[in-house]
Amino acid sequence: MVAFLMPALGFEHPLVLVLVVAVTTLAVVAIYRTLCADRYPRNLPRIGAREGVPWQQMRKKFQADCLAVFDDAYENYSKRGQSVLIPVFGPNDEVILPPTSLQWLVRQPEDVVNSLAAQVDSIQLEHSLGYKFAYDPWGGMLIKKDLNSAMDAMCAIMSDELNAAFEATFGTDTQNWKELDLFPTCRMLSGQLTQRFTVGDSPEGLKLARDKSWVQSCYNVLDGMLDVAGAAASYKRFLRPVVAQWTKRAMPGKLGDLKQRFEPLYRERLSIVERKGVNDNIQGPRDLLGMMMDYAVNERPDEVLNLDDMAKRLAVMNFGTMHQTVLTLHNLLLDVLGSDQEFNTVSVLREEVQRVMGPGDLGCKQWNKAKFQAMTRADSICRETLRVHTFLGRAVQRLVVGKDGLVTEDGIRVPQGAMVSILAHQTQTDADTYKDPHKYDPFRHSRRREAAAEPGTGKPGLHNLSFVATSAENLPFNHGKHACPGRFLVEYEFKLIMAYAVMNYDIELPESYGGKRPPNTWFAGFGIPPLEAKIRVRRRSPG
Ligand code: HEM
Ligand SMILES: *[C@@H]1O[C@H](CO)[C@@H](O)[C@H](O)[C@H]1NC(C)=O
Ligand SMILES: *[C@@H]1O[C@H](CO)[C@@H](O)[C@H](O)[C@H]1NC(C)=O
């Protein structure tokens, strides 16, 4: 055999061949071991090790029942203030830190543990859209910096769109009940509202926001991005760039469609920006795209002149504004209806909306900050939905980027390249914090806030129990300086949607559900809502 191969390979001496084969084999093994090796220190507990469960078996368990692995990690390690290594989706591992380390973790320097690097790792923008969209996320910076001052305009835009968005999705029939597939309905409803405040404050943009095929095109790109992220998660990090060449093959088509539909709007906005450049008095569109164009003109002039780049920037923005919002809205409506028998949730909401907005404002036009804040019960409903039905099983994900790794509070040196996080669902449903922790109790938080009302004014107390207040007890938006900056907008969006829905529609679950909402399931570390759920709606007659 060797003699046969030798001439073919051109080796003149058998010893050379043996040497080459040996060195190559050693090199391959060395490279593979370096890339795949368990580089975690011995003193980091591995889940299941104490009970002698082999790691590969734990990995299979995660694939079959990730919630059980999370529960085990929480019960046996997090609750005792200990770090633990668990298998997560695909061939990957993650170091779960205890919730008592939350404040400590969010204070760690960015060059030790990095939030952006963790996001890039889980969303894979680098592969779905390209390097600069992952590592120069200026759209997100804008939301952080400017959303607060743009909030009133955003809300005015949203409330103006409510009626159109509901009529397009829930319908106008006041006589007959209509059964809706809830998830696609939420996608279109929230999609139309979101596109209205993203692009809708100009003639071309308004056309798009109300065009179902535009909203669908936005979701197609979003779904494509999720596909790339999901496929990447099935591989070790060092293989992802290779695998991505295959998994991202659908992206150009989806992006091309978005870009083509976006072009007339882009041209319109470019000309507005040009006119603004010579005349300071021109008030540009006050939507997210307006903010993005204004920013890019000054800070990324090469991008603003590039249709392709701006379409991709819009796709990143849509990922932030649409993905989790829709999943949460879906859960929210199911929770409202599923808790109605026991808590009269719909009537309580109606009472609150009428009290706060005034009986003459069923369309929710006359909103203001004070009114939103006064909707304590609606606020509690939203918080309870994300407490019980959070999408991200792990919160505060950070990639360890420091050369020397990260030394945890329990004294374990986690190496560079490791991912650390805290379990959100288990922390939020801890029996030591919440009575009947897995029960959806819509007014759980508002009862406490009303009991702590400021004497005299009657204003609810305990602002740290509001929807947007993050803490170890409320992690769906993360915590610290990378907490979701969009949550203030989400709060208004959900309150507007709920208020409008209950004032203008009768809503119920199909009879066959027996008053109960279908449960969420856990897969790959995510809480997935029942996407096939249906609801029944009928427009209420005015007066
Ligand atoms: C219910 C809906 C939403 C949920 C549950 C949610 C949750 C989150 C979470 C968990 C993060 C941290 C990501 C990470 O560290 O991996 C995040 C980041 C972010 N979110 Fe949201 N989000 C929602 C809606 C929105 C909306 C509507 C916007 C925009 C208006 C938005 C803008 C952002 C931005 C810009 C970041 C990046 C912040 C940073 O890295 O510093 N989000 N969001
Ligand atoms: C905690 O560990 C014990 C064994 O040490 C195991 O029997 C138990 O199921 C674990 N807890 C959870 C919630 O899995
Ligand atoms: C909220 O504030 C109260 C009183 O200041 C405090 O006792 C409580 O622990 C806080 N809760 C959370 C979740 O931060």
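- Quoted straight from UniProt, the Cofactor (unreviewed entry) entry for the protein says "heme".

1. Thoughts on the packing of aromatic side chains
At step 1: One pass over the structure, following the stated rule, counts 15 aromatic pairs.
At step 2: Ring centres of F372 and Y492 lie 4.1 Å apart, and the angle between their planes is 15 degrees; on these two criteria the pair is classed as stacked. Placement of the pair is F372 in helix α20 (residues 369-374) and Y492 in helix α24 (residues 487-504), with a sequence separation of 120 residues.
At step 3: Note on F372: relative accessible area 2%, which makes it buried.
At step 4: Note on Y492: relative accessible area 6%, which makes it buried.
At step 5: One aromatic cluster is present, built from ring pairs that chain together F166, F170, Y500 and Y505.
At step 6: Between R249 and the ring centre of W246, over which it is positioned, the NZ or CZ distance is 3.8 Å.

2. Some points on a nonpolar patch on the surface
At step 1: A surface patch of nonpolar side chains, amounting to about 230 Å² of accessible area, comprises Y235, F238 and L239.
At step 2: Within the secondary structure, Y235 sits in the loop between α12 (212-233) and α13 (240-247).
At step 3: Given the relative accessible area of 36%, Y235 is considered partly exposed.

3. Some points on the pattern of salt bridges
At step 1: Summed over the entire model, instances satisfying the criterion amount to 44 salt bridges.
At step 2: One salt bridge in this structure joins K207 and E204, with 3.4 Å as the shortest N-O distance. Taken together, the residues K207 and E204, both in helix α11 (residues 203-209) and three residues apart, mark about one turn of the helix.

4. So, the site of ligand 3
At step 1: Around ligand 3, the neighbouring residues are L462, N464, S471 and E473.
At step 2: In the environment of ligand 3, an oxygen atom lies 2.3 Å from a nitrogen or oxygen atom belonging to the side chain of N464.
At step 3: Within the complex, the protein chains bury 43% of what would otherwise be the 360 Å² of accessible surface of ligand 3.
At step 4: Along the lines of polarity and charge, the residues of the shell around ligand 3 split into one nonpolar, two polar and one charged.

5. What about the coordination of the iron atom of ligand 1?
At step 1: Counting protein donors to the iron atom of ligand 1 gives just one, C484 (SG), placed at 2.3 Å.
At step 2: One can find C484 in the loop between α23 (444-451) and α24.

6. Topic: the site of ligand 2
At step 1: In the neighbourhood of ligand 2, the contacting residues comprise E51, D71, D72, E75 and N76.
At step 2: E51 is positioned with one of its side-chain polar atoms (N or O) 2.8 Å from an oxygen atom of ligand 2.
At step 3: N76 places a polar side-chain atom, nitrogen or oxygen, 2.4 Å from an oxygen atom of ligand 2.
At step 4: Relative to its unbound accessible area of 360 Å², ligand 2 is 48% covered by the protein chains.
At step 5: Partitioned by chemical class, the residues of the shell around ligand 2 number no nonpolar, one polar and four charged.

7. What about helix α4 (residues 66-76)?
At step 1: For α4, the set of buried residues is C66, V69, F70, D72, A73 and Y74.
At step 2: The elements touched by buried residues of α4 are α3 (55-64), β1 (84-87), β5 (394-400), β8 (419-423), α22 (424-428) and β10 (521-523).

8. A word on the sheet that holds strand β2 (residues 93-97)
At step 1: The mixed open sheet is built from five strands, whose spatial order is β1-β2-β8-β5-β3. On the outer flanks of this sheet lie β1 and β3 (113-114), each paired with one strand and no other.
At step 2: Bridge count between β5 and β8: four bridges; the pairing is antiparallel. Pairing of R394 across the sheet is with L423, part of β8.
At step 3: Where α3 meets the sheet, its contacts fall on β1 and β2, and the angle it forms with β1 comes to roughly 65 degrees.
At step 4: Contacts from helix α6 (residues 115-123) reach β3, β5 and β8, with the element oriented near 105 degrees to β5.

9. Here's the deal with the domain arrangement of the protein
Frequently, the measure chosen for interface size is the accessible area that the parts lose on association.
At step 1: Annotation of the protein at the domain level lists domain 1 (1-37), domain 2 (39-114 + 392-425) and domain 3 (126-391 + 431-472 + 476-539).
At step 2: The gap between the C-alpha centroids of domain 2 and domain 3 is 30 Å.
At step 3: Listed by partner, the interface residues are 24 residues for domain 2 and 26 residues for domain 3.
At step 4: When the area that domain 2 buries against domain 3 is broken down by residue, the three leading residues are F89, L392 and H425, summing to 30%.
At step 5: For the pair domain 2 and domain 3, the number of links is two salt bridges.
At step 6: Where K481 meets E110, a salt bridge forms, and the shortest distance between an N and an O atom there is 3.5 Å.

10. Points about the sheet that holds strand β4 (residues 178-181)
Neighbouring strands of a sheet are bound in pairs by backbone hydrogen bonds; such pairs are parallel or else antiparallel.
At step 1: Pairing in this open sheet of three strands is antiparallel, and the strands run β4-β12-β9 from one edge to the other. Taken across any chain shown, the strands that pair with only one partner, and hence form the sheet edges, are β4 and β9 (505-508). For this sheet, the mean angle separating the axes of adjacent strands, direction not counted, is 30 degrees.
At step 2: Note: β4 against strand β12 (residues 534-539), four bridges, orientation antiparallel. Within the sheet, the bridge partner assigned to L180 lies in β12 and is I535.
At step 3: Sheet strands in contact with helix α10 (residues 182-199) are β4 and β12, and its direction is about 80 degrees off that of β4.

Reading the values: the criteria
Sequence order as written defines residue numbering, which begins from 1 separately in each chain. The order in which chains are written sets their letters, starting at A; the order in which ligands are written sets their numbers, starting at 1. Where local features are concerned, this predicted model is filtered to residues with pLDDT of at least 70; where side-chain atom pairs are given and counted, the filter is 80 or more; whole-chain, interface and lining totals use all residues. Note: side-chain values were computed over all heavy atoms of the structure, leaving out hydrogens and water. UniProt positions are given in the numbering used here, feature names are shortened, and annotations may be inferred rather than shown by experiment. Ring pairs are drawn from Phe, Tyr and Trp, using the six-membered ring of Trp, whenever the two centres fall within 6.5 Å, and their geometry is named by plane angle: stacked under 30 degrees, edge-to-face over 60, tilted for the rest. Only DSSP runs of H or I reaching four residues or more are called helices, and only runs of E reaching two or more are called strands; each is numbered from the N terminus. Classification of residues uses two cut-offs on accessible area relative to the type maximum, computed with a 1.4 Å probe and protein chains only: under 20% is buried, over 50% is exposed, and between them is partly exposed. For a ring to carry a charge above it, either NZ of a lysine or CZ of an arginine must fall within 6 Å of the ring centroid while also lying within 35 degrees of the normal to the ring plane. Two joining distances apply to patches: 9 Å for like charges and 5 Å for nonpolar side chains (Val, Leu, Ile, Met, Phe, Trp, Tyr), and every residue must have over 30% relative accessible area and no salt bridge. Exposure was quantified through the Shrake-Rupley algorithm and a 1.4 Å probe, taking into account, for residues, occlusion by the shown protein chains and nothing else. In the sections that follow, a salt bridge refers to a side-chain nitrogen of Lys or Arg positioned within 4 Å of a carboxyl oxygen of Asp or Glu. Only a single heavy atom is needed: when it lies within 4 Å of a molecule or strand, its residue is near that molecule or strand. Think of a polar contact as two N or O atoms within 3.5 Å of one another; within protein, one of them needs to be a possible hydrogen donor and the other a possible acceptor, and neighboring residues in sequence only count if both atoms come from side chains. Each residue receives one of three labels: charged for Asp, Glu, Lys and Arg, nonpolar for Ala, Val, Leu, Ile, Met, Phe, Trp, Tyr, Cys and Pro, and polar for the others, Gly being one of them. Counted as donors are N, O and S atoms no farther than 2.8 Å from the metal, or 3.2 Å for Na, K and Ca; water is not among the atoms, and sites may therefore look incomplete. Residues count as neighbours in contact if any of their non-hydrogen atoms are within 4.5 Å of one another. Strand pairing follows a simple DSSP-based rule, namely that at least 2 bridges must link the two strands. Each axis is a line fitted through C-alpha atoms, taken for helices only over the stretch in contact, and angles between the N-to-C directions span 0 to 180 degrees. The source of the domain bounds is an automatic or database domain assignment. Take the accessible area each of two parts loses on contact, using a 1.4 Å probe, and add the two losses: that sum is the buried area.

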